Amino acid sequence: MSRPHAPAHTADPVEPAPRRTAARHGAPADHSTPTGRGVLANRGPLASHSALARRSVLGLGLGAGSALALSACARPDTDPAEGGSPLTGGVLVYFDPQAWQTLYPPQVGFYPNGGIMNNIADRLLWQDPSTLELHPWIAESLPRINDDATAFTFRLRPGVTHSDGSPLDAANVKRNMDLYGLGDDKRQLPPSEQISNYVSGEVLDSRTVRFRFSAPSPGFAQAVSVMNAGLLSNATLTRDSQGFGPGSADRIIASGPFVVESEELGTRLRLRARTDYDWAPPHLPHQGRPYLDGVEIIVGTEYSVRVGALVSGQADAIRQVDAPDEARLAERGLRIVAAATNGVTNSIAMRFPHPLLSDQRVREALIAAVDRKRILTKLFTDNYPLATGILAHSAQGYKRFDGAWRHDPAQASRLLDAAGWARDGGATRVKDGAALALRVNDALPQPRSKEVMTLVQEDLAKVGIALSINPGDMATQDADALSLERIQLYHSMVGRADFDVIKSQFAGTRRNALLNYDADTKEYRDPRLEKLLDRVSSEPQEAGRRRASWAVQDRLVDRALVLPLFEEPQVYGFRRRVRGFACEAVGRPAFYDTWLADAGERAQNGGPRR
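Read on for a plain summary of the structure. (Residues numbered from 1 in each chain as written. Predicted model: local features only at pLDDT ≥ 70, side-chain atom pairs only at ≥ 80, totals over all residues. Heavy atoms only, no water.)

1. Let's talk about the overall build of the chain
Across its full length, the chain holds 16 helices and 26 strands. The buried share among the 610 residues of the chain stands at 60%. Here the chain displays about 22,100 Å² of accessible surface, and carbon together with sulfur accounts for 50% of that area. (Helix = DSSP H or I, 4+ residues; strand = E, 2+ residues; numbered from the N terminus. Buried < 20%, exposed > 50% of the residue type's maximum accessible area, 1.4 Å probe, protein only. Areas by Shrake-Rupley, 256 points an atom, 1.4 Å probe, with all protein chains shown as cover.)

Now the structure itself:
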């Protein structure tokens, strides 16, 4: 998921399509052709495995061709894919493409951050990743909410503790939410973008806490179900921004099923099961400690190293499998899981405040010039559905727009002609001496962003628009995305399983993807859009929130401000010995129900558990 960088008549709304089916906490939606989970052989002790991984995997330096050769010669994973009861024991080896950056909950949206926080910190409520319904977790019931959604009262389960033994009581919950709702400028800890209009918490007794808001905040119940509201110990809540950063992971104390055992800066992190854990969401069949003894998270920035580790059996699971490799891995007997992210689609935001994009005809021409189906056909699989709306079809507030982004290069040329942009014999159109030349960011967290933008670049060139792709690493991309002069087309997405997700992406006080808010003048270039976004988070009833979200989407489409490309999943690869893997509602891993099919056999045979 994209981190917070910066930030025609429409069709009648239709009811959302049925949600992608998924088992409950024990298994996410699997939208791929391969099926099965299973066994990985030749296990050694954790220390031995770590050394082997360092020598044999991180030192491989594989190129893409080498990874394919390794896939061709490695023994296929033919172990049973299903069946059996969950077994306790073993350590899952999980490769992530990026290193984590912070474990301050309001800032853990970046997938490596969230993948850790989702497993070490509990929340007040639990959101079903399939139905998106909310259930009690640390709260013993759903909250009592007043009529205008300005007060939420939670009753807590007794006996819950953080891993340092301190109680998770009403005072601790209040302290968490006060920090997440208000932030702390002195410690450089921002408030959560998921929590709007927060005023304060009030401890009614040791197990009851009430939160008050200055305006209706119906999204608060969902906000306390996500890892951005992960509950931390009082000692952890005293840390500053640096204290939540790399090098401090084993000092982030929470109440979840795993604890951080150790960290090697920028390369690996080990999670250890909390054996006394006994407060999973009560409606789930699995209660008590996690099945795994631990999870070893290894940073594998080189894609070929991650794939090679999975195929060779040195990794049990990897995140971010490229679409072209899905079929190849399936042929080797490996399992692919594509988890929905339930939010704003992978899209290009047209930053209309820039002079080159201020004319709506130019924005409409950009949309008409891009062949979205060609992008999907050349680069992706069926796990990446063509976008039919601003939001994914499984998202809260989804509205379908048929024909809104039709590919029509002839129409694009007519629109540019009408807007006064002429070719004059050159490849790039000009007007009043200025070239129609734009720049787009390389969205590094998004799948194949540079390749996607290269195809967009080709399509735009055909109608006389020059597009350059911004160079640089993630820090450069983040900084440049704040500048209208540097980035005019903004490639991104955001996942959140709540109506507020559209506000998270486009509001000036949130990610400001369109740069609608001018930080210099403190004004909005489209104040009407901002007012509509505010309504999404302030309507107290669900029907009103849906109407408000549709109104925002209508404006984005009517003004040609966004080109949705596809619904972006998180795609994982697994050895078949891995069972019960799950994701939360936005595709981040949840290891509580995960188990290894050979854990009991190896323990019985006296073999070491990894």
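2. With respect to the pattern of salt bridges
Summed over all chains, the structure comprises 39 salt bridges. Across the pair Arg155 and Asp205 runs a salt bridge, and its minimum N-O distance is 3.1 Å. With Arg155 in strand β5 (residues 151–155) and Asp205 in strand β6 (residues 198–205), this residue pair connects regions lying 50 residues apart in the sequence. Accessibility expressed as a relative area gives 28% for Arg155, which makes it partly exposed. By relative accessible area, Asp205 is classed as partly exposed at 35%. Notably, a salt bridge pairs Asp250 with Arg251, separated by 3.4 Å at the nearest N-O pair. The exposure class assigned to Asp250 is partly exposed, which follows from its relative accessible area of 35%. Judged by relative accessible area, which is 41%, Arg251 ranks as partly exposed. Look at the salt bridges and you will find they share partners, linking Glu140, Arg155, Asp205 and Arg207 into a network. (Salt bridge = Lys/Arg side-chain N within 4 Å of Asp/Glu carboxyl O.)

3. Description of the packing of aromatic side chains
Taken as a whole and assessed by the stated rule, the structure comprises 22 aromatic pairs. Pairing Phe154 with Phe220 gives two aromatic rings, centres 6.3 Å apart and planes at 70 degrees, and the pair type is edge-to-face. In this pair, Phe154 sits in strand β5 while Phe220 sits in helix α5 (residues 220–223), placing the two residues 66 residues apart along the sequence. Classification of Phe220 as buried rests on a relative accessible area of 2%. A ring pair is formed by Phe581 and Phe591, whose centres lie 6.1 Å apart and whose planes are at 50 degrees; its orientation type is tilted. With Phe581 in the loop between β23 (578–579) and β24 (582–583) and Phe591 in the loop between β25 (589–590) and β26 (595–596), the pair connects residues that are 10 residues apart, well separated along the chain. Owing to a relative accessible area of 3%, Phe581 belongs among the buried residues under this scheme. Judged by its relative accessible area of 0%, Phe591 falls in the buried class. Grouped by ring-pair contacts, the aromatic residues Phe152, Phe154, Tyr198, Phe211, Phe213 and Phe220 constitute a single cluster. (Phe/Tyr/Trp six-rings, centres within 6.5 Å; stacked < 30°, edge-to-face > 60°.)

4. Observations regarding the pairing of strand β8 (residues 258–264)
Looking along a regular strand, one sees side chains alternate from face to face of the sheet. Here 6 bridges tie β8 to strand β9 (residues 268–273), and the two strands are oriented antiparallel to one another. Each bridged residue has a counterpart across the sheet, and for Val259 the counterpart in β9 is Arg272. What sits between β8 and β9 in their antiparallel hairpin is a turn of 3 residues, with Gly266 showing a positive phi close to 75 degrees. (Pairing = 2+ DSSP bridges.)

5. A few points about unusual backbone geometry
Positive phi, normally seen in glycine, also occurs at Asn342, with a value near 55 degrees. Along the chain, the position of Asn342 falls in the loop between β12 (335–339) and β13 (344–350). In this model, Arg448 sits at a positive phi of 55 degrees, which is unusual for a non-glycine residue. Topologically, Arg448 is positioned in the loop between β16 (437–440) and α11 (449–462).

6. Some thoughts on the side chain of Asp518
When you line up the elements, Asp518 lands in strand β19 (residues 517–518). Residue classification places Asp518 among the buried residues on the basis of a relative accessible area of 15%. Here the side chain of Asp518 touches Asp520 through a polar contact of 2.8 Å, landing on its backbone nitrogen. A polar atom in the side chain of Asp518 sits 3.3 Å from the backbone nitrogen of Thr521. (Polar contact = N/O pair within 3.5 Å; in protein donor to acceptor, adjacent residues only side chain to side chain.)

7. Some points on the nonpolar core
Grouped burial of nonpolar side chains is what soluble globular proteins tend to show. By size, the foremost hydrophobic cluster in this structure holds 86 residues, and its most contacted members are Ile375, Phe380, Leu489, Ile502, Phe506 and Leu556. Excluding residues within four positions of it along the chain, Ile502 makes contact with Val344, Ile390, Leu391, Leu533, Val536, Ser549, Val552, Gln553 and Leu556. One finds Trp100, Leu189, Ala223 and Leu284 within the second-largest nonpolar core, a separate group that totals 70 residues. (Core = buried A, V, L, I, M, F, W, Y, C linked by side-chain atoms within 4.5 Å. Contact = heavy atoms within 4.5 Å.)

8. Section: the packing of helix α14 (residues 527–538) against helix α15 (residues 542–558)
The geometry of α14 relative to α15 is characterised by a closest axis approach of 8 Å and an angle of 155 degrees between their N-to-C directions. One finds that α14 runs roughly antiparallel with respect to α15. Note on packing geometry: the crossing formed by α14 with α15 is left-handed. Touching Arg528, Leu529, Leu532, Leu533, Arg535 and Val536 of α14 are Arg545, Ala548, Ser549, Ala551, Val552, Arg555 and Leu556, all from α15. Taken together, the residues that form the contact of α14 with α15 break down as 8 nonpolar, 1 polar and 4 charged. (Axes fitted to C-alpha atoms, helices over the stretch in contact; angles between N-to-C directions. Parallel < 35°, antiparallel > 145°, perpendicular 65-115°, else oblique. Left-handed = near helix turned anticlockwise from the far one by under 90°. Nonpolar A, V, L, I, M, F, W, Y, C, P; charged D, E, K, R; others polar.)

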